[in-house]
Amino acid sequence: MRNYDVAIIGAGVTGAAIARQLSRYRLSIALIDGAEDVAMGASRANSAILHAGYDTPAGTLMAKLNVRGNELMTQWCGELDVPIRRVGTLVAAFNAEEKLELRWLYERGIQNGVPGLELLTGEEARAMEPMLSPDVVAALHAKTGGITCPYELTVACAENARRNGAEWLLGRHVKWIVPEPNNLVIRAGDECIRARRVINCAGVYADDVARMIDDDSFVIRPRKGEYMLLDRTEAKPSKVIFHTPTKMGKGVLVAPTVDGNAFVGPTAVNVSDKEDTAVDAHFVELLSMLSKKSVPTLNLRGTIRAFAGLRAQPSTGDFIIRPSEADARMIHAAGICSPGLTSAPAIAEMVEELVRSSGLELVPKDDYDPTRRAIPAFRHMTDDERWAAIAENPLYARAVCRCETVTEAEVVEAVRRGARTVDGVKRRVRAGMGRCQGGFCTPKVMEILSRETGVPMENLTKFGGSSRMVAGKTRGEG
Ligand SMILES: Cc1cc2nc3c(=O)[nH]c(=O)nc-3n(C[C@H](O)[C@H](O)[C@H](O)COP(=O)(O)OP(=O)(O)OC[C@H]3O[C@@H](n4cnc5c(N)ncnc54)[C@H](O)[C@@H]3O)c2cc1C
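Once a new chain begins, its residue numbering starts again from 1 and follows that chain's sequence as written. Only residues with pLDDT of at least 70 are given local features in this predicted model, and only at 80 or more are side-chain atom pairs given and counted; all residues enter the totals for whole chains, interfaces and linings.

Chemist: Which residues make up the site of the ligand, and what are the values?
Modeler: Put plainly, near means the residue's C-beta atom, positioned from the backbone, lies within 6 Å of the molecule or strand in question. Not every one of the 39 residues close to the ligand is listed here, only the nearest: G12, G41, G203, G225 and G340. Numbered from the N terminus, helices here are DSSP runs of H or I no shorter than four residues, and strands are runs of E no shorter than two. Looking at the shell around the ligand, the elements that each hand over two or more residues are α1 (13-22), β18 (303-314) and α8 (340-357). Classification convention: Asp, Glu, Lys, Arg as charged; Ala, Val, Leu, Ile, Met, Phe, Trp, Tyr, Cys, Pro as nonpolar; all other residues, Gly among them, as polar. Looking at side-chain class alone, the shell around the ligand contains 20 nonpolar, 17 polar and two charged residues.

Structure (structure tokens):
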């Protein structure tokens, strides 16, 4: 049985950020996930917005951690080589009632300590964002609002934690937890591990993990959000544009991505199945109507993909970040719904304090390295840089994904860093993210994955589990 000081259950952005934060200390850390890769839950499918923090109720943990997380994000993304753009966010009002709502959001933002908020007239907002509808009568502008890449941030945190000694235990679903005098014993996949502290970052399953130690103090309900992603060639706003919030959330937005696409969404639908990320045709009409209301010239015919993510809505109405009342050796980072992505660095800081006050000694490492470098992307290189890259590694001369200009060298590096599925490669280097959505590059990616990992083609999966992509061979061996 392996022994760890800290076992983190859930390798989404919350767990990965906590692993990174704790990896600066002399601790043995396991980052556990049932999925075969990191960032397979909500952290892979969300709006990617760095929220400023004006719409979270004052006095809540969400409000505090949102503002602090937003502030920390520049440093984290800089150290981790993750894209971040402070494009600013606009909440658009279309009538007098919504204009009043903006005033209320503004006041709340001030209470929450959000810097750089301003109320604009419709004309002022359109001068800032020309794609905004002529029907917008006023807007709330948040300068600290921005965008990032959620799965890249998660991968980067997990890679940096691993660089500093944390171990990834993926493909190991946690089934039960049993207390011992000095540890908790965790059944993770086919093995048992011992840990002095367990951090529960299991997303929509965090209540199930809590119940493993007889803690039924909260319930997590999944709330689906569906999106449409547009081709990079379509015109996009430069800012994130929201409607005024509803009781179901922050409302539908139109936004640019850090990779140059536009997208619209999310819907907000309570569902009962914690695996239900299916997209339903009905939502297209709703998203079309709402997105066109704020950006009438948006061309939704340029949609290349629809996808959905599940928010982990807590029964308490706030993030649940505290030791369990059933066994204080388990610390919950649960109910991390939106703005959980923005808050991740601040959640990690808070959990560090909880681990410290739980009695675990946190001794800083002398050789802690806060930096991580992204995989060099051929598409971002100048011609000179491309020639130099090819001279050093000829695999840079072999194109794999034509839509996103991804080379074999990048795919090989993604596999070297831990990608084991077609989607794992896609999220790390963008092969299959473009207009054809993997129509050309998927077989090539599978060939490289099979060659580099030794896993036969027919055993490769799209995203793990039973998502196999080929049924078998049609001809003999070879
Ligand atoms: C539609 C939508 C839009 C959003 N938009 C934004 C936004 O714009 N800005 C923002 O700040 N936030 C946003 N969020 C919120 C943000 O995405 C989440 O707060 C964040 O991703 C949560 O990360 P997490 O690590 O807590 O959970 P997850 O990413 O869901 O990770 C939980 C992990 O736990 C693992 N797990 C669960 N049970 C077990 C088990 N028994 N054993 C092993 N592993 C287990 C899962 O496999 C999963 O990988 C949005 C969320 C959604 C769904």
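Chemist: Please set out the sheet that holds strand β3 (residues 49-50) residue by residue, giving values where relevant.
Modeler: Across the sheet, which stays open at both edges, the three strands sit in the order β3-β8-β4 with antiparallel pairing between neighbours. Each having just a single partner strand, β3 and β4 (84-85) make up the two edges of the open sheet. The pairing criterion is simple: DSSP has to find at least two bridges between the two strands. Of the pairings in the sheet, the one linking β4 to strand β8 (residues 146-148) comprises two bridges and is antiparallel in character. In the sheet register, I84 faces β8, and the bridge partner there is T148.

Chemist: Residues and numbers for helix α7 (residues 282-294), please.
Modeler: For α7, every residue scored as buried is listed here: F283, L287, S291 and S294. Along the axis of α7, the buried positions cluster into a sector of 50°, meaning they face one direction only. Opposite the packed face of α7, turned more than 90 degrees from it, sit the exposed residues H282, E285 and M289. Contacts are defined on C-beta atoms placed from the backbone: any two residues whose C-beta positions lie within 7 Å are in contact. Buried positions along α7 lie against β5 (89-93), β13 (220-230), β14 (240-242), β15 (253-256) and β16 (262-265). We call a residue exposed when 12 or fewer other C-beta atoms sit within 10 Å of its C-beta, buried when the count reaches 20 or more, and partly exposed for counts in between; the C-beta positions come from the backbone. Directions are taken from the helix axis to each C-beta atom, and the arc is the one they span.

Chemist: I'd like a description of helix α3 (residues 96-112), backed by residues and values.
Modeler: Note that an α-helix has 3.6 residues per turn; residues three or four places apart therefore point the same way. For α3, with 17 residues, the first-to-last C-alpha span of 24 Å sits near the 24 Å given by 1.5 Å per residue. All of the buried residues in α3 are L102, L105, G109 and N112. When α3 is viewed along its axis, its buried side chains cluster within an angular range of 85° and face the same direction. In this structure, α3 carries A96 and E97 as exposed residues pointing more than 90 degrees from its buried face. Buried residues belonging to α3 abut α2 (61-80), β5, β6 (117-121) and β7 (138-142). Positive backbone phi, approximately 85°, marks G113, located one or two places after α3. Multiplying one less than the number of residues by 1.5 Å gives the expected span of a helix.

Chemist: Requested: an account of the nonpolar core, with residues and values cited.
Modeler: Ranked by size, the top nonpolar core spans 124 residues in total, and within it A7, I8, A19, I29, L31 and I347 carry the most contacts. Setting aside anything within four residues of it in sequence, one finds I29 in contact with Y4, D5, V6, I8, A19, L22, S23, A161, A166 and E167. Nonpolar core, as used here: buried Ala, Val, Leu, Ile, Met, Phe, Trp, Tyr and Cys residues forming one set through C-beta atoms within 7 Å. Within the second largest apolar cluster, 23 residues are counted, among which are C403, V422, V445 and M446.

Chemist: Please provide a residue-by-residue account of unusual backbone geometry, values included.
Modeler: Cis geometry is found at the peptide bond from G265 to P266, where omega equals -10°. In this fold, P266 is placed in the loop between β16 and β17 (269-270). That bond from S338 to P339 is cis: its omega, 10°, falls within 30 degrees of zero. With respect to the helices and strands, P339 occurs in the loop between β20 (330-334) and α8. Look at D214: it is not a glycine, yet its phi comes out positive at around 65°. Inspection of the secondary structure puts D214 in the loop between α6 (206-211) and β13. For D214, a count of 12 C-beta atoms within 10 Å puts it in the exposed group. In this model, R430 sits at a positive phi of 80°, which is unusual for a non-glycine residue.

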